[in-house]
Structure formats: C-alpha cells, structure tokens
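Residue-level listing of the chains:
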Amino acid sequence: MKLYYQTHSPYARKVLVMAHELGLAERLEVIHHETSPTTRNETIYQANPLGKVPVLMLPEGEALFDSIVICDYLDTLHQGPKLIPLQGPERYQALRLQALAQGLCDVGIKLRWEVERRPAHLRYPAYGEGQKYKLEESYRYLEQQVELDGPLNVGHVALGTALDWIVFRELCDFAQHPRLNAWYQRFCDRPSMRATEYSGQTHD
C-alpha cells in the first residue's frame, strides 16, 4: 500500500503512528507530497478531490481518505487488540477523543492562518482570538474531564499527534495544564512517535 503523506501534517502523522502501533508500518510505502490550499498537487487531486493528504492507495488502485477512514481501515488488517474498540462505552470514548483531537488540528490550522500565513493587512485579530479560545477550552476540558490513562486507542494516537503538531508550530501552549502535559510527554516517548517526528514547512 502507498501512503501519500506530508511530514508536517498532523492528520497524515496520525495515520502513520497508527500503522506503527499496529505493526503495519512495513506494509506502507510512504510518499511525501506537498499540498496547500494555494498550490495544486496533481497526484493528490487525482486520488482525493479535496486535494489533501493523507491518502492511502490500496493495491487494487482504490484511494481511501481522510485520516479517520484510513485509521479505521488499518485497524481491520491485524489480529491484535483493536485501537478502535468495537462496542460499548470504550468505543465512543475513543471516537470522541479522536474527534476532539481532529478539532484541535482544524482550529490550530485556522489560528496559524490568522497569526502567520495570511498577509498582515488581511488578518482579522478577533477571529484568531476566537480560535485560540477554542484551543484553551479544549485543553481545560482534557485536563479536567478526560481520563487519558488506560489501554491505547485511536483517540490517544490522534491527541498525541495533534498536541505535538501544536508544539511543532509554536501555537497556543498547554504546558500550564500539568496532567495533560505529563501525558503528552509520556506519549512522545513511544517508538511510534519517535519514528515519525514532524519536519519541514508549508510551501504555498
């Protein structure tokens, strides 16, 4: 299988960390592709009409996207414990955490546009502050209401890669939340995270 990837995408990294955790990384040919909202990548658009990575190209030529779908698919390819629980409260707790982590990435990208990527005369400070508030509220929720210990699941993978992307991009910090920050530090020590560290910058 081919994984169309980007070394600075939190969504793509979530997929690759998932593959490492499931023992499937050696089955993937990882191919870096630069994408951005302002630059057309023909290879990616042929596979995904949204023009975004990650995309998983199956041996028969079918393309799977986005990261949520690819992670679900990867979890069907092994005989070990599932990282997406099949049923019960554990399933929806894992999926909810994945959704929150996905949202952190979405919000972080919007914040980055406002504080860094958009030309200064086109920035809307109130919009940027609104995105920063969403990040801060999410950190508070994670610190106070989410149990992060326990068996590894897709939500942990999504959260770990999302938080590390926020650190990589030097966005709104979460270090003042000691329980969340301690969990993040432990998660970054996992071999799957060390093997997939972020690198590179966006090219528009």
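Throughout this description, residue numbers start from 1 for each chain and increase along the sequence as written. Under the rules for a predicted model, residues below a pLDDT of 70 receive no local features and side-chain atom pairs below 80 are neither given nor counted, while totals for whole chains, interfaces and linings still include all residues. In computing side-chain properties, one takes all heavy atoms of the structure into account and sets aside hydrogens as well as water.

The name given to the protein in an unreviewed UniProt entry is Glutathione S-transferase, with Pseudomonas entomophila as the source organism.

> Pulling in residues and values, what's your account of the side chain of His-78?
For helices the rule is a DSSP run of H or I covering at least 4 residues; for strands it is a run of E covering at least 2, with both sets numbered from the N terminus onward. Among the structural elements, His-78 can be located in the loop between helix 3 (67-74) and helix 4 (88-117). Relative accessibility decides the category of a residue: with a 1.4 Å probe and only protein chains considered, values under 20% of the type maximum give buried, values over 50% give exposed, and everything between is partly exposed. His-78 sits in the buried class, given a relative accessible area of 9%. A polar contact is formed between the side chain of His-78 and the backbone nitrogen of Gly-80, at a distance of 3.1 Å. Definition of a polar contact: a pair of N or O atoms within 3.5 Å, with one able to donate and the other able to accept a hydrogen when the atoms are protein atoms, and with sequence-neighbouring residues admitted only if both atoms are side-chain atoms.

> Describe the nonpolar core, with residues and values.
Across soluble globular proteins, nonpolar side chains show a tendency to be buried alongside one another. Counting 51 residues, the largest nonpolar core has Met-18, Leu-56, Leu-74, Leu-104, Tyr-139, Leu-159 and Leu-163 as the members making the most contacts within it. Elements that contribute at least two residues to this core include exactly strand 1 (2-5), helix 1 (10-21), helix 3, helix 4, helix 5 (125-145), helix 6 (154-168) and helix 7 (178-188). The leading source of residues in this core is helix 6, at eight residues. We call a set of buried Ala, Val, Leu, Ile, Met, Phe, Trp, Tyr and Cys residues a nonpolar core when their side-chain atoms join them within 4.5 Å. The next biggest cluster of nonpolar side chains, apart from the first, holds six residues, and it includes Tyr-4, Ala-47, Val-53 and Met-57.

> Help me get a handle on the sheet that holds strand 4 (residues 63-64), residues and values and all.
If you walk across this open sheet you meet the four strands as 2-1-3-4, and the pairing is mixed. The open sheet has two edge strands with one neighbour each: strand 2 (29-32) and strand 4. Relative to strand 4, strand 3 (residues 55-57) is paired through two bridges, and the arrangement is antiparallel. Looking at the pairing, Leu-56 lines up with Leu-64 of strand 4. Sheet strands in contact with helix 1 are strand 1 and strand 2, and its direction is about 150 degrees off that of strand 1. By the convention used here, residues are in contact when the closest approach between their heavy atoms is within 4.5 Å. Between the N-to-C directions of two axes lies an angle of 0 to 180 degrees, each axis being a line fitted to C-alpha atoms and, for a helix, fitted only over the stretch in contact. Relative to the sheet, helix 3 contacts strand 3 and strand 4, its axis offset from that of strand 3 by approximately 40 degrees. Strands are labelled as partners when DSSP assigns at least two bridges between them.

> Tell me what's going on with the environment of Gln-176, and back it up with residues and numbers.
Position of Gln-176 among the secondary structure elements: in the loop between helix 6 and helix 7. With 36 residues separating them along the chain, Gln-176 and Arg-140 place their C-alpha atoms 9.7 Å apart.

> Just give me the short version of empty space enclosed by the protein, but keep the residues and values in it.
Here a cavity is any set of points on a 1 Å grid over the protein atoms alone where a 1.4 Å probe fits but cannot get out, and a pocket is any open set with protein on both sides within 12 Å along at least 5 of 7 lines; a residue lines the site when it has an atom within 4 Å of a point. Grid points are joined across faces, edges and corners, and a volume is the space filled by probe spheres set on the points. A complete count under the given rule lists one cavity of 30 Å³ or more for this structure. By volume, the largest cavity amounts to about 30 Å³. If you go around the largest cavity, the residues you meet are Pro-10, Tyr-11, Lys-14, Ala-101, Gln-102, Cys-105, Ala-158 and Thr-161. Elements represented by at least two residues in the lining of the largest cavity include exactly helix 1, helix 4 and helix 6. Here the lining of the largest cavity is composed, by residue class, of five nonpolar, two polar and one charged. Throughout the structure description, domain borders are defined by an automatic or database domain assignment. Taken together, domain 1 (2-76) and domain 2 (89-195) each give at least three residues to the lining of the largest cavity, which thus spans both. Classification used: nonpolar for Ala, Val, Leu, Ile, Met, Phe, Trp, Tyr, Cys and Pro, charged for Asp, Glu, Lys and Arg, polar for all others including Gly.

> Any details on the layout of surface pockets? Residues and values, ideally.
Volume-wise, the largest pocket comes out at about 720 Å³. In this structure, the largest pocket is lined by 28 residues; those nearest its centre are Tyr-11, Thr-35, Pro-37, Lys-52 and Ile-109. Secondary structure elements with two or more residues in the lining of the largest pocket: helix 1 and helix 4. Ranked by residues supplied to the lining of the largest pocket, first place goes to helix 4 with seven residues. Of the residues that make up the lining of the largest pocket, three or more belong to each of domain 1 (2-76) and domain 2 (89-195). When its volume is computed, the second largest pocket comes out at roughly 370 Å³. Lining the second largest pocket are 18 residues, with Glu-90, Gln-93, Ala-94, Asn-153 and His-156 positioned closest to its centre.

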